Amino acid sequence: MQVKKLENHQVSTNIPHIGALDDLRGIAALMVFFAHVVHNLTRGIDASMGAWLRPSNPLFAILAEGHAGVSLFMVLSGFLFAYGAHGSEVRYWRFVCNRILRIYPMYLLLLFFAAYSSPSQFSFEGFIASAVLFSNTGDALKDIGFTALLWTISVEFLFYLIFPFLNRFKNAFGVEYLFRLLVLLIVLRYLAIGLGASARDISYFTIVGRIDQFLIGMIVASLYREGHFKLKHPRLYLAGSIVLVLLSQFALNRMGGWIQDTEWKGIWHTYEAMIFSALIVTYLFSYSALNALYKSLMARIGLVSYSMYLLHMPVLLLLQRKHWYAKVTGNLYWDALITACYLFPVVFFLSNATYELIEKPFMDFRTRYLSPLSTKEVGIRSPA
């Protein structure tokens, strides 16, 4: 019997491997990881620090808003799928089945652990709501950590359900269709906010707000595939993009941080999508010049980023509950960073195990979902 060798990157029959995007997935996972470590091991220990962190040190202010890594993940999703499907037709059910094979085994594993580890919080209705990927609703299963981050998978999956249609309409009407749809959805979101919806919550936790990030990722991928970006000094532009991302996170923290619920939050994630799109494009152009060791490390983190994203929270909560965090400097912020240095290898090791034993075997069942465009889909027509 032939034994399959585990690859150092995900092998897809539909999308060519792009090493730069592996790195960026790793960066997104690290952003969320450090954000949760900093929050849980500061205000999670000392309630007097308030409901949100606003540290005077710019480093910790930036880390406190690392939840922006979720935005980077979602822009990457839109970019990757649009890049792979550019000029092709997406077969709907094959695509959806592929996405279920990719996300559901790990998702369901954590859901069952949540159900059995927190029986006092179990409800059959909540389990079913979560099982059918409604983890971002009030009816979803609640537990002590295993389901803490499943809400993002629910948002992602809704995008998967509509992506084949968006790709088809983009092929038929051109990338302008995605621009126009983006504007329409922003207007409708502000209509919902005007009627009483929370600008923060509708924009952060739901597809109604996150759809901008998927669409902008698709738009930028299409423009990239069509050769619209020309960068003579890509590393200079990459440095500028990184600075812009960091300054934006710092500015968000100074304006009140994630917890602030004001009307401008209805457009903030759209802005994040634009700056992360700039990061993606400049990173792609600069990738060949980056250090090989750095790329190898980030590629491996990116490979297991899905498991790392889902698993770091229960591991962090255990560490917090058992008081296994560092207490050496007398400053909770610096102690949190020290703790992250020995917590990360634990999460990374566990994530590699779940990737190889849970995620990867199911990925081998995926099939090809792309096919050439039919004649009637080629060309740009007015959708009006």
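Remember, it's a predicted structure, so these values are computed and weren't measured experimentally. (Residues numbered from 1 in each chain as written. Predicted model: local features only at pLDDT ≥ 70, side-chain atom pairs only at ≥ 80, totals over all residues. Heavy atoms only, no water.)

What to know about the overall build of the chain
Step number 1: Scanning the chain from N- to C-terminus turns up 14 helices and two strands.
Step number 2: Against the 2.2 N^0.38 benchmark of 21 Å for 384 residues, the chain shows a C-alpha radius of gyration of 21 Å, consistent with a compact globule.
Step number 3: Each principal axis of the C-alpha atoms in the chain carries an extent, and together these give about 65 × 55 × 50 Å.
Step number 4: Put simply, the chain has 384 residues, and 54% of those count as buried.
Step number 5: Look at the contacts in the chain between residues 6 or more apart in sequence, and 81% of them connect residues 24 or more apart. (Helix = DSSP H or I, 4+ residues; strand = E, 2+ residues; numbered from the N terminus. Rg over C-alpha atoms; globule rule 2.2 N^0.38 Å. Buried < 20%, exposed > 50% of the residue type's maximum accessible area, 1.4 Å probe, protein only. Contact = heavy atoms within 4.5 Å.)

Observations regarding helix α11 (residues 265-286)
Step number 1: The end-to-end C-alpha separation of α11 is 32 Å, in line with the 32 Å expected for 22 residues at 1.5 Å each.
Step number 2: With 17 of 22 residues buried, α11 lies mostly within the body of the structure. (Expected span 1.5 Å × (residues − 1).)

Considerations on the packing of aromatic side chains
Step number 1: This model, assessed by the stated rule, comprises 40 aromatic pairs.
Step number 2: Their ring planes at 55 degrees and their centres at 5.8 Å tell us that Phe159 and Phe163 sit as a pair that is tilted. Taken together, the residues span about one helical turn, with Phe159 and Phe163 both in helix α6 (residues 151-173) at a distance of four residues. The same class applies to Phe159 and to Phe163, which are both buried. (Phe/Tyr/Trp six-rings, centres within 6.5 Å; stacked < 30°, edge-to-face > 60°.)

Details of the environment of Leu24
Step number 1: Structurally, Leu24 is set in helix α1 (residues 19-40).
Step number 2: Along the sequence, Leu24 and Tyr283 sit 259 residues apart, while their C-alpha atoms lie 8.4 Å from each other.
Step number 3: Excluding residues within four positions of it along the chain, Leu24 makes contact with Leu72, Leu76, Leu279, Ile280 and Tyr283.

Points about the packing of α6 against helix α7 (residues 176-194)
Step number 1: The interhelical angle for the contact between α6 and α7, taken along N-to-C directions, is 125 degrees, at an axis separation of 7 Å. With respect to each other, α6 and α7 are oriented oblique. Between α6 and α7, the contacting residues are Leu166, Phe169, Lys170 and Phe173 on the first element and Tyr177, Leu178 and Leu181 on the second.
Step number 2: Here the contact of α6 with α7 is composed, by residue class, of six nonpolar, no polar and one charged. (Axes fitted to C-alpha atoms, helices over the stretch in contact; angles between N-to-C directions. Parallel < 35°, antiparallel > 145°, perpendicular 65-115°, else oblique. Nonpolar A, V, L, I, M, F, W, Y, C, P; charged D, E, K, R; others polar.)

Focus: the side chain of Arg25
Step number 1: Considering the arrangement of structural elements, one finds Arg25 in helix α1.
Step number 2: In this structure Arg25 touches Phe73, Leu76, Leu80, Gly302 and Ser305, once residues within four positions along its chain are discounted.

Some thoughts on the confidence of the model for the chain
Step number 1: Taken residue by residue, the chain gives an average pLDDT of 93. The fraction at 70 or more is 94%.
Step number 2: Taken together, the stretch residues 1-6 has pLDDT below 50 and engages in three contacts with residues farther than four places along the chain or on a different chain. (pLDDT = per-residue confidence, 0-100.)

Quick notes on the pattern of salt bridges
Step number 1: Counting across every chain of the model gives eight salt bridges.
Step number 2: Linking Glu359 and Arg102 is a salt bridge whose minimum nitrogen-to-oxygen distance equals 2.6 Å. Highlighted residues: Glu359 in helix α14 (residues 332-363) and Arg102 in helix α4 (residues 92-117), separated in sequence by 257 residues. Of the two residues, Glu359 and Arg102, neither departs from the other in class, the shared state being buried.
Step number 3: Put simply, Asp212 and Arg189 hold a salt bridge, and the shortest N to O gap is 2.6 Å. Here Arg189 lies in helix α7 and Asp212 lies in helix α9 (residues 207-225), a separation of 23 residues in the sequence.
Step number 4: Arg189 gets classed as buried once you look at its relative accessible area, which sits at 1%. (Salt bridge = Lys/Arg side-chain N within 4 Å of Asp/Glu carboxyl O.)

Section: unusual backbone geometry
Step number 1: If you check the backbone angles, Leu133 has positive phi at about 65 degrees while not being a glycine.
Step number 2: Along the polypeptide, Leu133 turns up in the loop between α5 (124-131) and α6.
Step number 3: Positive phi, close to 60 degrees, is recorded for His323, a residue that is not glycine.
Step number 4: With respect to the element layout, His323 can be found in the loop between α13 (305-322) and α14.
Step number 5: Taking the relative accessible area as the measure of exposure, His323 reaches 48% and is therefore partly exposed.

A word on helix α3 (residues 68-85)
Step number 1: When the terminal C-alpha atoms of α3 are compared, their 26 Å separation across 18 residues agrees well with the 26 Å that a helix rising 1.5 Å per residue should span.
Step number 2: When you tally the buried positions in α3, you get 18 out of 18 residues, the bulk of the element.
Step number 3: Among the residues trailing α3, Gly87 stands out with phi positive, at a value near 75 degrees.

Description of the nonpolar core
Step number 1: Within the largest apolar cluster, 105 residues are counted, with the highest numbers of intra-cluster contacts made by Leu21, Phe159, Ile280 and Leu310.
Step number 2: Among the elements that take part in this core, α3 stands out by supplying 13 residues, more than any other.
Step number 3: Other than its neighbours up to four places away in sequence, Leu310 contacts Met106, Leu110, Leu149, Leu150 and Ile153. (Core = buried A, V, L, I, M, F, W, Y, C linked by side-chain atoms within 4.5 Å.)

Here's the deal with the packing of α1 against helix α12 (residues 292-303)
Step number 1: Two numbers describe how α1 lies on α12: the axes approach to 7 Å, and their chain directions differ by 65 degrees. Between α1 and α12, the interaxial angle falls into the category roughly perpendicular. Pair α1 / α12 crosses with left-handed handedness. On α12, the residues touching Asp22, Asp23, Arg25, Gly26, Ile27 and Leu30 of α1 are Tyr294, Lys295, Met298, Ala299, Ile301 and Gly302.
Step number 2: Within the contact of α1 with α12, the residues separate by chemical class into six nonpolar, two polar and four charged. (Left-handed = near helix turned anticlockwise from the far one by under 90°.)

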